[in-house]
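Residues per chain, in single letters:
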Amino acid sequence: MTEPRFSPTPGHPGDEPLQLDSLQAQAIVRLLEAAPAVRRRYQFFVWSQSQLQPLVPHQLMVCGSYLRQRRCVVFDTFHSVVLSPEVLDAINDAEGPLAQALTAAWVSGQGQPVSVPLGQLPADAAEHAARLQRELQWTHLVVHGVARPQRPSEIESLFIFGGPSLAGRDAQRLGCLDLLLPQLHRTWQRVVSTEHDLMRPTLRPVEQPRAGPADRTAPRHGITPRECQILRWVRQGNSNQKIAEALLISPLTVKNHVQKILRKLGASNRAQAVAMAMDLGLLADAAPLAERAPAPATP
């Protein structure tokens, strides 16, 4: 059987055309056939683990998408290995130094897939990169994406892959990723759109809790100002999803904040954490608008 051959992307690592064996060619066919049915986040995870994995082996996949409703890029993370909350926070923060450094590396590659050495990232991202290396023994992350129309330095979609088999400039895997990028982009955009539409009927405006003295005293108890802000939302009974929407971060990031709060306070659940925070004076500000009793009706 003649092996399929694809012309290399200009500037792609390697001088030879991309060559796929019969198993890889079949994997691409299965991936393309299954993609149209993928509309939910959990379906995307199953699809990427079963169909994409043979072509681009990975243990971490970060999917970034520009949300026009919010005018910002939001990351979502899928992983099959245990990641510490610190690593998850760093990789999920689209505006953080690690994500910004990886984005800049892809932009400098002029839209081609790039293999980014973690040991060569800028100083402001070096701490996060070093933690990732220590925890997982990875040396590189692979980045590819789609730029916004007429804005080559801005992201429409961005995909970050991590895993032990992605070390170095593997032209074969980078070539596969480049070949599959259009389908990957379309599928993830469909998932983002579907999830947004499904949530829309249940969304209600949420009052922004007021900042107060607790933001200044919180660090003395090990609770950061950001964690104190999360606690205020939790006190109002908001879910991780609603907190994420209000603060323009991912639900996973909110979950990580809550877990760190529970650990620092020694609390077993959210209600106990709020009670302990109030006892410590961390939430001793004026009651947020959403918690105040309605004013009595005028006779």
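Further up the page is the structure itself.
Just so we're clear, the structure is a prediction, and the values are computed from it rather than from any experiment.

**Q** Looking at this model, I keep getting lost on the packing of helix 4 (residues 97-108) against helix 5 (residues 123-136). Mind explaining?
**A** A packed helix pair is summarised by two numbers, namely the angle formed by the two axes and the spacing between the axes. At their nearest, the axes of helix 4 and helix 5 sit 8 Å apart, and the two run at 110° to each other. With respect to their mutual orientation, helix 4 and helix 5 come out roughly perpendicular. Contacts between helix 4 and helix 5 involve Pro 97, Leu 98 and Ala 101 from the former and Asp 124, Ala 125 and His 128 from the latter. Broken down by class, the residue content of the contact of helix 4 with helix 5 amounts to four nonpolar, one polar and one charged.

**Q** How do you make sense of the pattern of salt bridges when you look at a structure like this?
**A** As a working rule, side chains carrying opposite charge can pair if their charged atoms are close by. The tally for this structure, following the rule as stated, stands at six salt bridges. Close ionic contact of Asp 76 with Arg 41 constitutes a salt bridge, the shortest N to O distance being 2.7 Å. In this pair, Asp 76 sits in strand 4 (residues 72-79) while Arg 41 sits in helix 2 (residues 41-52), placing the two residues 35 residues apart along the sequence. Relative accessible area serves as the criterion here: at 17%, Asp 76 is assigned to the buried category. A salt bridge links Arg 151 to Glu 154; the shortest N-O distance between them is 3.4 Å.

**Q** I tried to follow the environment of Gln 172 on my own but got confused; where do I start?
**A** Among the secondary structure elements, Gln 172 is positioned in helix 6 (residues 171-199). Taking the C-alpha atoms as reference points, Gln 172 and Leu 55, 117 residues apart in sequence, are found 9.1 Å from one another. Sequence-distant contacts of Gln 172, defined by excluding residues within four places in its chain, comprise Leu 18, Gln 19, Leu 20 and Gln 24.

**Q** Would you take a moment to explain the environment of Tyr 42 for this structure?
**A** Looking at the secondary structure, you find Tyr 42 in helix 2. C-alpha separation for the pair Tyr 42 and Phe 78, spaced 36 residues apart in sequence, amounts to 9.7 Å.

**Q** Would you mind showing me how to read the sheet that holds strand 6 (residues 140-148) here?
**A** Reading across from one edge, 4-3-7-6-5 is the order of the five strands in this open sheet, with antiparallel pairing throughout. Each edge of the sheet is formed by a strand with only one pairing partner; in this case those strands are strand 4 and strand 5 (114-117). Adjacent strand axes in the sheet meet at a mean angle of 30° when their direction is disregarded. In this sheet, strand 6 lies alongside strand 5 in antiparallel orientation, the contact comprising four bridges. Within strand 6, the residue paired with Ser 115 across the bridge is Val 142. Where helix 3 (residues 85-92) meets the sheet, its contacts fall on strand 3 (60-67) and strand 4, and the angle it forms with strand 4 comes to roughly 140°.

Thresholds applied
- Per chain, residue numbering runs from 1 following the sequence as it is written.
- The predicted origin of the model limits local features to residues at a pLDDT of at least 70 and limits the giving and counting of side-chain atom pairs to 80 or more, whereas totals for whole chains, interfaces and linings rest on all residues.
- Working from all heavy atoms in the structure, the side-chain values ignore hydrogens and water.
- All axes are obtained by fitting lines to C-alpha atoms, using only the stretch in contact for helices, and the reported angles, taken between N-to-C directions, cover 0 to 180 degrees.
- Numbering of helices and strands starts at the N terminus; helices are DSSP runs of H or I of at least 4 residues and strands are runs of E of at least 2.
- Oblique is the label for any angle not under 35 degrees, not over 145, and not in the 65 to 115 range, which are roughly parallel, roughly antiparallel and roughly perpendicular in turn.
- In this analysis, two residues are considered to be in contact whenever any of their non-hydrogen atoms come within 4.5 Å of each other.
- Each residue is assigned to one of three groups, with Ala, Val, Leu, Ile, Met, Phe, Trp, Tyr, Cys and Pro labelled nonpolar, Asp, Glu, Lys and Arg labelled charged, and all others, Gly among them, labelled polar.
- Throughout this description, the term salt bridge denotes a Lys or Arg side-chain nitrogen within 4 Å of a carboxyl oxygen of Asp or Glu.
- Relative accessibility thresholds used throughout: buried, under 20% of the residue-type maximum; exposed, over 50%; partly exposed, between the two (1.4 Å probe, protein chains only).
- DSSP bridges decide pairing: two strands pair if at least two such bridges lie between them.

By themselves, these observations are geometric and do not establish any function.
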